Amino acid sequence: MANIKQLKHLEHLEDEMLNYGVEGCDAAVSFLKELRKMLGQQESTGFMQTKWDGAPSVVCGVDPLSGVFFVGTKSVFNKTEPKICATEKAVDDYYDGDLAEKLKYSLRYFSKLGIKGVIQGDLLFTDSTRHIETVNKEQLYTFRPNTITYGIPTDHDIGKEVGRAKIGVVFHTHYTGDCLAEMQARAGAPINTFNKVPEVAVIANDTPMDRVGFSRAEMARFDRYIAKINRMSQLCGDFLDDLVSNFGTTGDAKFHISSYLKQFFNSEIKNARSISNIDETINELVNFYHDKMSKELAKIKTVDNLTKKRNLVYKSENYLLDNVYKFKTMIALYKELQAVKQMVIDKLDHLEEFRTFVQTEKGYKVTTPEGYVLHKDGSMIKFVNRLEFAYNNFTLQKQWR
């Protein structure tokens, strides 16, 4: 699952069961088994990358049709009017403001790297957004492309590279195919083949899985998680398929509770609530659905349509009551997937050389990296500490830049 043609959106490991039912559960277990091989330093086709909270996402390289170097956002993949910029004038034609300036920098300096093919990455800084600050008695180069502020010691080898550069980027994806509109995303970018250009700090994002250091007890615990998740997914698989079949954003399906499960879990994260008590989570789901339906029903003007939609809501509420045990099993499975994911994240976070902070009214607060992306057989899945990063992303005031 989560097979990405063009890297526009990645899914969380625990959301795959809500997206694809039994097939999504099987995919999650398959990802975890591949990760088990990597943690045990066994032969694996998997590949883990650190996920950077950069912005904007820049696509660049050589257009396979024209043979000309270009830059752009993900809109270069548009089937109609792809926004491909081979000149600064083209940047001005398609974009404006800060985004246009960053794309001009990208065009000016990335064109010197000798990139073959098409790649994608997250912009981290330009020389105007990179600063020198002392944080926790440590002199750092800092930059905040999005939610997270990154810092690297000024005397670190990477810090010296950052200090010299005009622009910084982390490239994470390359593409295959004969035209942009039909290209397929693949893990990694061949940064070791690029020209060394002092104006560009190309930050590597390979995650050193051989340094994770799971103990024998931790590995056994990880194995128990996989076995338990596999059993639970078999127990509630048919119900998950039923939820997926009822999902929809238009028509009658818009009034079914299954259409609001991902929104509900996101809301729990936004409100800094983890799944601790399953019964309480069920009650919160009922309240969330009720609030959503109240707003939807309030939009309806005609009596006949309102009666029909109220009946759909009534049936959906009964659906929850009739299947409350299955809902609890689904939530418990979601919780287990979050737990095993977090077990891995906690180990990976300690391997990062960059310091990570969030800006608050009282100054910097230490936080963890955004997360990681696990690649397997052309598919990608996110490992993100949602309760921390997503909460920060949802709630931080954007003026703190």
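On a predicted model such as this, the values are computed, not experimentally measured, just so you know. (Residues numbered from 1 in each chain as written. Predicted model: local features only at pLDDT ≥ 70, side-chain atom pairs only at ≥ 80, totals over all residues. Heavy atoms only, no water.)

(A) Molecular detail of the packing of aromatic side chains. Enumeration over the complete set of coordinates arrives at 19 aromatic pairs. Summarising the aromatic geometry, the rings of F110 and F171 are spaced 5.4 Å apart at their centres and angled 70° between planes, so their arrangement reads as edge-to-face. Residue F110 is found in helix α4 (residues 97–110), and its partner F171 is found in strand β8 (residues 167–176); the two are separated by 61 residues along the sequence. The residues F110 and F171 share a single accessibility class, namely buried. Counting every residue linked through ring pairs, the aromatic cluster contains W52, F125, F143, Y150 and F354. (Phe/Tyr/Trp six-rings, centres within 6.5 Å; stacked < 30°, edge-to-face > 60°. Helix = DSSP H or I, 4+ residues; strand = E, 2+ residues; numbered from the N terminus. Buried < 20%, exposed > 50% of the residue type's maximum accessible area, 1.4 Å probe, protein only.)

(B) How the structure looks around the pattern of salt bridges. Inspection of the entire model under this criterion finds 25 salt bridges. A salt bridge links D98 to K102; its shortest N-O distance comes to 3.0 Å. One end of the pair is D98 and the other is K102, both in helix α4 and four residues apart, which spans about a single turn. With its nearest N and O atoms 3.6 Å apart, the salt bridge here joins E101 to K104. Here E101 pairs with K104, and both are found in helix α4, just three residues apart, close to one helical turn. Residue classification places K104 among the buried residues on the basis of a relative accessible area of 11%. Salt bridges sharing partners connect three or more residues here, namely E14, D15, K341 and R386. (Salt bridge = Lys/Arg side-chain N within 4 Å of Asp/Glu carboxyl O.)

(C) Structural context of the confidence of the model for the protein chain. Taken as a whole, the protein chain shows an average pLDDT of 90; of its residues, 95% reach a score of 70 or greater. Scored below 50 in pLDDT, residues 1–8 makes 45 contacts in the model with residues more than four places away or belonging to other chains. Here residues 397–401 scores under 50 on pLDDT; set against residues more than four positions off or in separate chains, the count is twelve contacts. (pLDDT = per-residue confidence, 0-100. Contact = heavy atoms within 4.5 Å.)

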